[in-house]
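Chain residues, written in single-letter form:
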Amino acid sequence: MQNTLRPAGPARPSAAEANEAIRLLVETRVDGEWPAQAYEFLLEEWAAASRAEVCADR
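Bear in mind that the values here come from a model prediction, so they are computed numbers and not experimental data.

J.: Pulling in residues and values, what's your account of the overall build of the protein chain?
T.: Regarding its fold elements, the protein chain presents 2 helices and 0 strands. Relative to its full complement of 58 residues, the protein chain shows a buried share of 17%. Split by element, the accessible area of the protein chain, about 5,100 Å² in all, is 54% carbon and sulfur.

Right, here's the structure in full:
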């Protein structure tokens, strides 16, 4: 019998969900400040989800 590992944390968002989070971040920024850390984090999430979706399609 094969055991599968479960992720320790919550699952990553899909590329569409990450893209929507980026859009919301851009549209709701306050005081002209650019939230660079949040933006970079969301871009990494989007990139990881995009790569996973491309690999799943192959």
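J.: How would you explain the environment of P35 if you had to name every residue and give the values?
T.: Tracing the chain through its elements places P35 in the loop between α1 (15-27) and α2 (36-57). It is 8.1 Å that separates the C-alpha atoms of P35 and L25, two residues lying 10 residues apart in sequence. Here P35 is in contact with L25 and R29, once residues within four sequence places are set aside.

J.: Lay out the pattern of salt bridges in plain terms, naming residues and giving numbers.
T.: For the coordinates displayed, the defined rule picks out 1 salt bridge. Its salt-bridge partner being R23, residue E20 comes within 3.0 Å of it at the nearest N-O pair. Of this pair, E20 and R23 both sit in helix α1, 3 residues apart, which is roughly one turn of the helix.

J.: Now, about α2: what can you tell me, with residues and values included?
T.: If you check α2, its first and last C-alpha atoms are 31 Å apart, about what 22 residues at 1.5 Å a residue would give, namely 32 Å. Turning to α2, its buried residues number three or more, namely L42, E45, A47, A48, A49 and S50. Packing partners of the buried residues in α2 comprise α1.

J.: So what's going on with the environment of A52? Residues and values would help.
T.: You can see A52 is positioned in helix α2. With a relative accessible area of 46%, A52 lands in the partly exposed category.

J.: Quick one: what's the story with α1, residue by residue and with numbers?
T.: The terminal C-alpha atoms of α1, which comprises 13 residues, lie 18 Å apart, in line with the 18 Å expected from a rise of 1.5 Å per residue. For α1, every residue scored as buried is listed here: A15, A18, I22 and L25. Considered in projection along α1, the buried side chains sweep an arc of 85° and stay on one side of the axis. Residues of α1 that are exposed and point over 90 degrees away from its buried face: A16 and E27.

Conventions used here
- Residues numbered from 1 in each chain as written.
- Predicted model: local features only at pLDDT ≥ 70, side-chain atom pairs only at ≥ 80, totals over all residues.
- Heavy atoms only, no water.
- Helix = DSSP H or I, 4+ residues; strand = E, 2+ residues; numbered from the N terminus.
- Buried < 20%, exposed > 50% of the residue type's maximum accessible area, 1.4 Å probe, protein only.
- Areas by Shrake-Rupley, 256 points an atom, 1.4 Å probe, with all protein chains shown as cover.
- Contact = heavy atoms within 4.5 Å.
- Salt bridge = Lys/Arg side-chain N within 4 Å of Asp/Glu carboxyl O.
- Expected span 1.5 Å × (residues − 1).
- Arc of directions from axis to C-beta.

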